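A closer look at the structure
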Amino acid sequence: MGQRWPRTLWIVRHGQSAGNVARDAAEAAGLPVIDIAYRDIDTPLSDLGRTQARALGHWFAEMPPARRPEVILCSPYVRARETARLMHEAAGFDPHHMRVRIDERLREKEFGILDRLTGHGIRQKHPELSEQRTHVGKFYFRPPGGESWCDVILRLRSLLEMITREHAAQRVLIVGHQVIVNCMRYLVECMDEAQILAIDKLGDVPNCGITSYEYHSGRDALEKDLVNFVAPLREAGAAVTVEPDAPAAPKP
């Protein structure tokens, strides 16, 4: 049986978005609602986010051709697509030989009724849901009209099966969101609820942070290489940001 895993798998969170900035302002002011007109799917990168995406592209450009990505899979959300496009351009990838493939399974976790609310807003408008979330835990809690982490993991299992089927032995780059990065880690590293939530409590995934895996032939498995790697941003003089993606309650 041949190799079923990618040769290299990079998982990247998008650059800082206008939503990240608006959320910070709302939380600092103690407001219940994040003041942003965009739908979550349409929220673009901030100026800093665009700088971060280009810095990431320059890092990939410095790799030998034999180590660069061959396949790019991206969330359909504007902030992820902009990150992938700017990175692609800055890296000088040939658009005829390596296009960005949009996959809706990489979209951000859906927040349903809690969309655009700060932690204060959730406690104020939906105290019973805030209580339920604290009791059930963020891994299993599903807000009305939204998703739990388990729901995200379910769709990512399908994505991972597609990757092993269509991109075995290739170098694959995924551009997504904070919850996508953590849930992919849950799957690839065979974690349980306690393990992934312990990692989540350590801090947010940095914007344009890189988590990567290399194929280990002896184990026929992916081995962790980089985790939330931000050296490309620092080398380019771009600020490192770790704002949460989610327009929902802060960590318990």
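Reading the values: rules and limits
- Residues numbered from 1 in each chain as written.
- Predicted model: local features only at pLDDT ≥ 70, side-chain atom pairs only at ≥ 80, totals over all residues.
- Heavy atoms only, no water.
- Helix = DSSP H or I, 4+ residues; strand = E, 2+ residues; numbered from the N terminus.
- Rg over C-alpha atoms; globule rule 2.2 N^0.38 Å.
- Buried < 20%, exposed > 50% of the residue type's maximum accessible area, 1.4 Å probe, protein only.
- Areas by Shrake-Rupley, 256 points an atom, 1.4 Å probe, with all protein chains shown as cover.
- Lys, Arg positive; Asp, Glu negative; His and termini not counted.
- Charge placed at Lys NZ, Arg CZ, Asp CG, Glu CD.
- Pairing = 2+ DSSP bridges.
- Axes fitted to C-alpha atoms, helices over the stretch in contact; angles between N-to-C directions.
- Contact = heavy atoms within 4.5 Å.
- Phe/Tyr/Trp six-rings, centres within 6.5 Å; stacked < 30°, edge-to-face > 60°.

1. Points about the overall build of the protein
Assigned secondary structure in the protein consists of nine helices and six strands. Against the globule reference of 18 Å for 252 residues, the protein gives a C-alpha radius of gyration of 18 Å, in line with a compact fold. With the C-alpha coordinates of the protein rotated into their principal frame, the extents come out at 55 × 40 × 30 Å. The buried share of the protein, taken over its 252 residues, is 54%. When the accessible surface of the protein is summed, it comes to about 11400 Å², and 51% of that surface belongs to carbon and sulfur atoms. If the 33 positive side-chain charges of the protein are averaged to one point and the 34 negative ones to another, these points end up 1 Å apart.

2. Some remarks on the sheet that holds strand 2 (residues 71–74)
The strand order 3-2-4-1-5-6 describes an open sheet built from six strands, whose pairing is mixed. Each edge of the sheet is formed by a strand with only one pairing partner; in this case those strands are strand 3 (100–102) and strand 6 (221–229). Between one strand axis and the next, the sheet turns by 20 degrees as a mean value, whatever way the strands run. Across four bridges, the pairing between strand 2 and strand 4 (residues 171–176) is parallel. Within strand 4, the residue paired with I72 across the bridge is L173. Sheet strands in contact with helix 7 (residues 178–188) are strand 1 (8–13), strand 4, strand 5 (210–216) and strand 6, and its direction is about 150 degrees off that of strand 1.

3. So, the packing of aromatic side chains
Overall, the coordinates contain five aromatic pairs when judged by the stated rule. Ring geometry for F139 versus Y140: centroids 5.0 Å apart, planes at 80 degrees, classification edge-to-face. Relative accessible area serves as the criterion here: at 2%, F139 is assigned to the buried category. Among the aromatic side chains, those forming a connected cluster through ring pairs are W10, W59, F60 and F229.

4. Thoughts on the environment of I72
By the secondary structure assignment, I72 is in strand 2. Once the C-alpha coordinates of I72 and R99 are considered, the two residues, 27 residues apart in sequence, prove to be 6.9 Å apart. In contact with I72, not counting residues within four places along its chain, are M87, H88, F93, M98, R99, V100, R101, L173 and V175.

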